Every structure is written in C-alpha cells, then in structure tokens.
Amino acid sequence: MKIVYFGSPDFAVLPLQKLIEAGHEILGVVTQPDRKKGRSQELCPTPVKEFAVKNGLQVFQPEKVNLPEEIDAILALGAELFVTVAFGQLLKPELLYGTKFGAINLHASLLPKYRGAAPIHYALWKGEKITGVTTMYMNEGMDTGDMIYKAEYEILPEDNTEKLYEKLAVIGAGLLCKTVEDIGKGVAPRIPQDNSEASYATLLKKEHEIINWQQTAKEIFNHIRGFNSWPVAYTLCDGKRLKIWEAVAIDEKASAAAGEVLGFDNLGVKVCCGDGSVLLLQTVQPEGKGRMKASDWARGKQLTKGIQLG
RNA sequence: CGCGGGGUAGAGCAGUUGGCAGCUCGUCGGGCUCAUAACCCGGAGGUCGUGGGUUCAAGUCCCUCCCCCGCAA
C-alpha cells in the first residue's frame, strides 16, 4: 500500500515503524513544525520527524496543512491511503477524501469515548477500568468517523499515562497494520459511532494540574497517575509547588482537614483527603529540585504532622 | 542573554555576624525481642560542583566556568 503518514509525538513512531516493517511504501511523512522547547528555547523536531529522517523518508512540516499549496504537495505524492496517528491538526475534505482508500486514524481510546487530544490521560484520570485503541475512517469531525477495529486493554493498578502510552502504542501499531491490510483486501468494516455515547478528552489546562484534596484518595490517585509523566499533578507546600509523581490510596481512615499531613514513615507521607480517606505520597518533586522519595523529602524538610498542603 | 531555585557523607537537608563540618534516614558491628520498616549502644563514610581572589582563617565574602531543576513557551 502506498501511504502518506501523518503523526507527531512518540506515540506515533511505533505505528509508523510497524507499517514500514509490514512492507508498506511510505511516500511521505507529515508532522508538526519544529517547536521551541526547554529552558533555552531550542527548536526541537517531533519524534516522528527524527524517525523519518533517520529512515530516509520525505518529511513535510506545514504550519497549516490545509493551505492549498500544502494540500497539492501532499496529494501529488500519489498515495492510496492517508494514515494519521496523533498528528495534531484536522484535515480538510480535500485531504480526507483525496485518495483511493481515504484517510484513517489510530486513536488511543475506545471510541466514541474520549475523542480528542488527550484520551490516555483522561482514561486514567477518570478512573476507567478498561481502555484501548480504535482505528477509524476520518471525516471532518474530531474523531467522529466510522470505526474499523478496536482492541481493549485492562488498566492495571500500576499503570500511569507514560506506561499506558507505551502499551497502547504497541497494541495500536498492530491494530493499525491489520486495518491497513484489510482495507487493501476490501474487507475492513465501517461501524458508525453512537454519538449519544461520545465524550471528549479536551486539551489539559493549567488548572487541571493542581490537586484538589477535597476529592477522595482514590480520585486523587487517578489524577496523579493520569498526569504522570506529563504534565504532573502538583500541590502547594509553604507556597511552593510540590509535584506529586507517585502516590497510592491506602486502606485507612483519618479525621483531619483535607490536605493535612498525617505523618510519614519510610514508605511515604500520609495525607488526609476527602471523606477521611488517606493518600500515601511516594514520589515527589519540590520546586527547583529533582524527583525524590516522599520520605526523603519529609526528612530533609523535617516535615511535621499537621502541615497543610494545597 | 525570558524569570527563578539549587549543587555540603550513599539519600534528603541544616550550617546563624567568616573561627574544630552537623541533622534525619540508610549502611556496618553489637545488644534487646516470638518478632519488626520497632528500640538501645557503637563505628565507618565529606577534595563542602570547578578554577581563581580577599583573609591570620572561607561551606560561609568576590569573580570564572560546569551541571541539575521549577516557571514560562
């Protein structure tokens, strides 16, 4: 199959690699322009671009993929199918329907749930037990096209967003290859989405990062792991940021204010949450410092019982 | 030169107006205990990031450079 691949972040690298290994011909790779990153504001290529360059693929980095000249250039490659994986821009009809087989997308949720930009973050954050990946034909909407295949994944207690990204990339890459193959054979199904079941994983915002200690320990646990390893949930201690990388809800009850430190030991720092539930902070990161065990932080700070977080 | 915090024992930190380098944890040895992530006693472990400077004396004051990190993008 002659394919033009649209993708940007790490998640989109493995699916591209698997398509190549499956023998498909990648005529070009479209990815986001290099962006400024880090403290020194250096321009950085997307992971997909790095991979594409390393493999000698032709790379396109349009600021706006829907400009007429960009559309013409991409269509001129002569692809039979467009494949998108976390590309970051919506495609206009000229691109969506401009090839023999159309355009398909690999999405990291079980559609129609969690359409949008951050499906993996939301699945964990909202406490889902099951999530997965879906392949679909694209249309003008945001992840609203007809579905082709799904693969489910049961979320484990130790999963966080970073780990789930890696796992779903593996599952998704396999599902995508099967999807492309079946499209070629003309046997891929078209399953319309039930819009009444749809939900959206909108872009994460700054105010989503701060922990609300009024929530139960279980809810905060899901918040924290859903935000690991990016953008990382935090609370305030002495007016400074304290990122919480890892924590678990423990089977204890306390009668204290939400956000009050109950004490600490070698396992971590216990904090009272909503309904008297208790969260054990395990890995934290104070402003200007590296990531450390919560117990180390507490010892160095000579943390005392009763300190209020948040 | 976007703003800011920081580099002191294996880990996390303190170190006041320059004057013998400390705390908690870990580690090693011993003790207590049915037992312990518990408790008691004892020990080891540091060129205070680098290179200069000021001083009788620098972790501490001045300058150089390197490295780590928070915010912002």
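Nothing here was measured: the structure is a model prediction, and the numbers come from that model.

## Side note on the layout of surface pockets
Taken as a whole, the largest pocket holds about 1,500 Å³ of empty space. Taken together, 47 residues form the lining of the largest pocket, with Pro9, Ala86, Gly88, Ala117 and Tyr165 sitting closest to its centre. For the lining of the largest pocket, the secondary structure elements donating two or more residues are β3 (35–37), β7 (103–107), α5 (119–125) and α6 (161–185). Residue contributions to the lining of the largest pocket peak at four residues, all from α6. Among the residues forming the lining of the largest pocket, the class breakdown is 23 nonpolar, 17 polar and seven charged. There are two domains that each give the lining of the largest pocket at least three residues, and those are domain 1 (2–201) and domain 2 (207–301). Put simply, the second largest pocket is a space of about 250 Å³. Surrounding the second largest pocket, 13 residues form its lining, Lys240, Pro286, Glu287, Trp297 and Lys301 being those nearest its centre. Within the residue set of the lining of the second largest pocket, elements represented by two or more residues are β13 (240–253) and α8 (294–301). The element contributing the most residues to the lining of the second largest pocket is α8, with four residues. The residue inventory of the lining of the second largest pocket, partitioned by class, reads five nonpolar, one polar and seven charged.

## Considerations on the sheet that holds strand β5 (residues 59–60)
Spatial ordering of the open sheet is given by β5-β2-β1-β6-β7-β9-β10, a layout of seven strands whose pairing is mixed. With partners counted over all chains shown, the strands left at the sheet margins are β5 and β10 (147–154), one partner each. As judged from the five bridges shared by strand β1 (residues 2–7) and strand β6 (residues 81–85), these two strands associate in the parallel manner. Counted as the bridge partner of Tyr5 is Val83 from β6.

## Describing the pattern of salt bridges
Think of it this way: side chains of opposite charge can pair up when their charged atoms draw near. All told, the structure shown has 13 salt bridges when counted by the stated rule. Lys18 is paired through a salt bridge with Glu21; the nearest N and O atoms lie 3.3 Å apart. Of this pair, Lys18 and Glu21 both sit in helix α1 (residues 13–21), three residues apart, which is roughly one turn of that helix. The exposure class assigned to Lys18 is partly exposed, which follows from its relative accessible area of 32%. A relative accessible area of 51% means that Glu21 is categorised as exposed. Each of Lys206, Glu209 and Arg241 takes part in salt bridges that share partners, so that together they form one network.

## Here we look at a negative patch on the surface
Together, Asp10, Glu50, Glu162 and Glu166 make up a negatively charged patch on the protein surface. Mapped onto the elements of the fold, Glu162 is located in helix α6. Residue classification places Glu162 among the partly exposed residues on the basis of a relative accessible area of 38%.

## Side note on the confidence of the model for chain A
Residues with a pLDDT of 70 or more make up 100% of chain A, whose mean pLDDT is 95. Reported confidences for the modelled complex are a pTM of 0.94 and an ipTM of 0.91.

## Regarding the protein's contact with RNA strand B
Residues in close proximity to RNA strand B total 19 residues, the closest being Arg39, Gly288, Lys289, Asp296 and Gly300. Between RNA strand B and the protein, one listed contact pairs a phosphate oxygen with a side-chain N or O atom of Lys206 at 3.3 Å. Within the contact set of RNA strand B, a phosphate oxygen lies 3.5 Å away from a side-chain nitrogen or oxygen of Lys243. Among the elements that make up the surface near RNA strand B, the one with the highest residue count is α8 (four residues).

## Remarks on a nonpolar patch on the surface
Taken together, Leu90, Met142 and Tyr200 make up a surface patch of nonpolar side chains, about 290 Å² in accessible area. Here Tyr200 is to be found in strand β11 (residues 200–201).

## So, the side chain of Thr99
Relative to the assigned elements, Thr99 resides in the loop between α4 (93–96) and β7. A distance of 2.9 Å separates a polar atom in the side chain of Thr99 from the backbone oxygen of Gly102.

What counts and how
- Residues numbered from 1 in each chain as written.
- Chains lettered and ligands numbered in written order.
- Predicted model: local features only at pLDDT ≥ 70, side-chain atom pairs only at ≥ 80, totals over all residues.
- Heavy atoms only, no water.
- 1 Å grid on protein atoms, 1.4 Å probe; cavity = no way out; pocket = protein on both sides within 12 Å on 5 of 7 lines; lining within 4 Å.
- Points joined across faces, edges and corners; volume = space filled by probe spheres on them.
- Helix = DSSP H or I, 4+ residues; strand = E, 2+ residues; numbered from the N terminus.
- Nonpolar A, V, L, I, M, F, W, Y, C, P; charged D, E, K, R; others polar.
- Domains from an automatic or database assignment.
- Pairing = 2+ DSSP bridges.
- Salt bridge = Lys/Arg side-chain N within 4 Å of Asp/Glu carboxyl O.
- Buried < 20%, exposed > 50% of the residue type's maximum accessible area, 1.4 Å probe, protein only.
- Patch = residues over 30% accessible without salt bridge, like charges linked within 9 Å, V, L, I, M, F, W, Y side chains within 5 Å.
- Areas by Shrake-Rupley, 256 points an atom, 1.4 Å probe, with all protein chains shown as cover.
- Lys, Arg positive; Asp, Glu negative; His and termini not counted.
- Charge placed at Lys NZ, Arg CZ, Asp CG, Glu CD.
- pLDDT = per-residue confidence, 0-100.
- Near = heavy atom within 4 Å.
- Polar contact = N/O pair within 3.5 Å; in protein donor to acceptor, adjacent residues only side chain to side chain.

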